[in-house]
Amino acid sequence: MRMEGISGAQRRSTSSVALVTTAFDGVVNVMSAEWSLRVSLEPYLVAVFVGYQRATLDLLRRSGEFGLSYCSDEQAHLAHVAGNHSLREGPSKWSLARFPTFPSRYIHAPLIEGAVANLECRVVSEFPTGDHVAFVGEVLTAYSDEDRSPLVYHGGKYYRLGPRIPSPPRSHTSEPAQSSGTDLPGRAR
Ligand SMILES: Cc1cc2nc3c(=O)[nH]c(=O)nc-3n(C[C@H](O)[C@H](O)[C@H](O)COP(=O)(O)O)c2cc1C
């Protein structure tokens, strides 16, 4: 049943969870972000939205770079720890869970092993969006693991991806074939 209300609508959104890694002057941090998305294919740009209170905000501004590791469905515990503890208050997130890492090629922050995809990003712009700040990053290089499935975040809870819904027959869409279909990954809009 449809109900009017902003908080209810906000709870119905669904996202992935990325682990944002940052490093500056010997300090290395990791935080969870459900608000991160591709914003350009060529050049490949992503945006991550970071609250003003996050320690990550300062590290992003100082370093001008960040890693994004999109959690697999085996990493809900890492998303939970990275998203419920801050560098500003002990104990260290790195001591609360074992975050397996591997070194980045172009940035100082490490990336998280076992993710579905990892991106190394250089900040190209920053702008305020209400109570968060958008950081747009140019993707310098990326890694992916086809054998892992993404973690799904919905209504404050973690889920696995459900069964695939078959693409509708072509006669059910008025779009041309090359721009329709849900099984064309990374298609240009
Ligand atoms: C699943 C999940 C997703 C989150 N997504 C975001 C987000 O997109 N942006 C944000 O600013 N905070 C988000 N948070 C909250 C931060 O991860 C949290 O405040 C964290 O403690 C910040 O760490 P830091 O202060 O060490 O940077 C999320 C938390 C969880 C659990």
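Note that the coordinates shown come from a computational prediction; the quantities given were computed from them, not determined experimentally. (Residues numbered from 1 in each chain as written. Predicted model: local features only at pLDDT ≥ 70, side-chain atom pairs only at ≥ 80, totals over all residues. Heavy atoms only, no water.)

A. Structural context of the nonpolar core. The biggest cluster of nonpolar side chains holds 18 residues, and the ones touching the most others in it are Phe 66 and Leu 68. Residue assignment for this core shows that the elements contributing at least two residues are strand S2 (18–24), strand S3 (27–33), strand S5 (45–51), helix H2 (55–63), strand S6 (65–70), strand S9 (117–129) and strand S10 (132–144). In terms of nonpolar packing, the next biggest core, distinct from the first, is built from 13 residues, Val 17, Cys 71, Phe 99 and Leu 151 among them. (Core = buried A, V, L, I, M, F, W, Y, C linked by side-chain atoms within 4.5 Å. Buried < 20%, exposed > 50% of the residue type's maximum accessible area, 1.4 Å probe, protein only. Helix = DSSP H or I, 4+ residues; strand = E, 2+ residues; numbered from the N terminus.)

B. Seen up close, the pattern of salt bridges. A full pass over the atoms with the stated rule returns six salt bridges. Between Arg 62 and Asp 58 there is a salt bridge whose closest N-O contact spans 3.0 Å. With Arg 62 and Asp 58 both in helix H2 and four residues apart, this pair spans about one turn of that helix. By relative accessible area, which is 37% here, Asp 58 ends up partly exposed. Put simply, Arg 160 and Asp 73 hold a salt bridge, and the shortest N to O gap is 3.3 Å. Residue Arg 160 is found in strand S12 (residues 157–160), and its partner Asp 73 is found in the loop between S6 and helix H3 (76–84); the two are separated by 87 residues along the sequence. A residue is classified by how much of its surface remains accessible, and Arg 160, at 57% relative accessible area, is exposed. A network of salt bridges, in which partner residues are shared, links Glu 74, Asp 145 and Arg 148. (Salt bridge = Lys/Arg side-chain N within 4 Å of Asp/Glu carboxyl O.)

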